[in-house]
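Geometric and topological summary
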Amino acid sequence: MRFSVVETGYDRRQVDSCLDELSLRLGRLAARAEGAAGAGREWDQIRSDALHLCDFLHRRTAPVEGPEAARPSPAEREAAELLATARAELEAAREEARRLREEAYADALRARREFEAALLARRRRESRVDEILAGARGERVPVDTPTAAAGVRPGTGRSAA
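Residues numbered from 1 in each chain as written. Predicted model: local features only at pLDDT ≥ 70, side-chain atom pairs only at ≥ 80, totals over all residues. Heavy atoms only, no water.

1. Side note on the overall build of the chain
Within the chain, the regular secondary structure consists of 4 helices and 2 strands. Pairs at least 24 apart in sequence give 47% of the contacts found in the chain among residues at least 6 apart. Summed over its atoms, the accessible surface of the chain is roughly 13,500 Å², and 55% of this surface lies on carbon and sulfur atoms. (Helix = DSSP H or I, 4+ residues; strand = E, 2+ residues; numbered from the N terminus. Contact = heavy atoms within 4.5 Å. Areas by Shrake-Rupley, 256 points an atom, 1.4 Å probe, with all protein chains shown as cover.)

Put into structure tokens, the structure is as follows:
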């Protein structure tokens, strides 16, 4: 029996469908065992186990209390083992889902912090560029200001000393 894992455990429709199929098969088994009841004590035990499991599935609770409850049948023991296995698998799946959620959350936080740091650095660079450009536009050099190019003689590339 394999079921899809959903947020709260296994897919309930799949589990119910499986239980309904199991109930149908057990009913058929009980009917066949009833037909072969004259074959001996072993068939009586098989029929009793099948009927007991059918009742158990219909009620979906613990088996009837009484002398039979003190000593569970082999089918009841197998059903209990299957139930314990399913519960263990469910718990393992829940733990894995929890771990994956925590990892995804940590990755998302890390990515957000990196993005915010990159955005802040970009905004700082943008602000610095704006300051540089504002300073370059605002400062005008007077026309008669001597520059390094003023001391160079044409054709020599050296200053006139």
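Still to come is the rest of the account.
2. Observations concerning the pattern of salt bridges
Applying the stated criterion to the full structure yields 7 salt bridges. The residue R128 makes a salt bridge to E131 at a minimum N-O spacing of 3.4 Å. Linking R128 with E131, this pair stays in helix α4 (residues 74-138), spanning 3 residues, or about one helical turn. When its relative accessible area of 49% is taken as the criterion, E131 is described as partly exposed. (Salt bridge = Lys/Arg side-chain N within 4 Å of Asp/Glu carboxyl O. Buried < 20%, exposed > 50% of the residue type's maximum accessible area, 1.4 Å probe, protein only.)

3. Side note on the environment of D55
One can find D55 in helix α2 (residues 41-59). Taking C-alpha positions, D55 is 8.8 Å from S23, a pair spaced 32 residues apart along the chain.

4. Brief notes about the confidence of the model for the chain
On average, the chain scores 76 in pLDDT, and the residues at 70 or more come to 65%. Confidence, read as mean pLDDT per element, is least for helix α3 (residues 67-70) in the chain (50) and greatest for α4 (90). (pLDDT = per-residue confidence, 0-100.)

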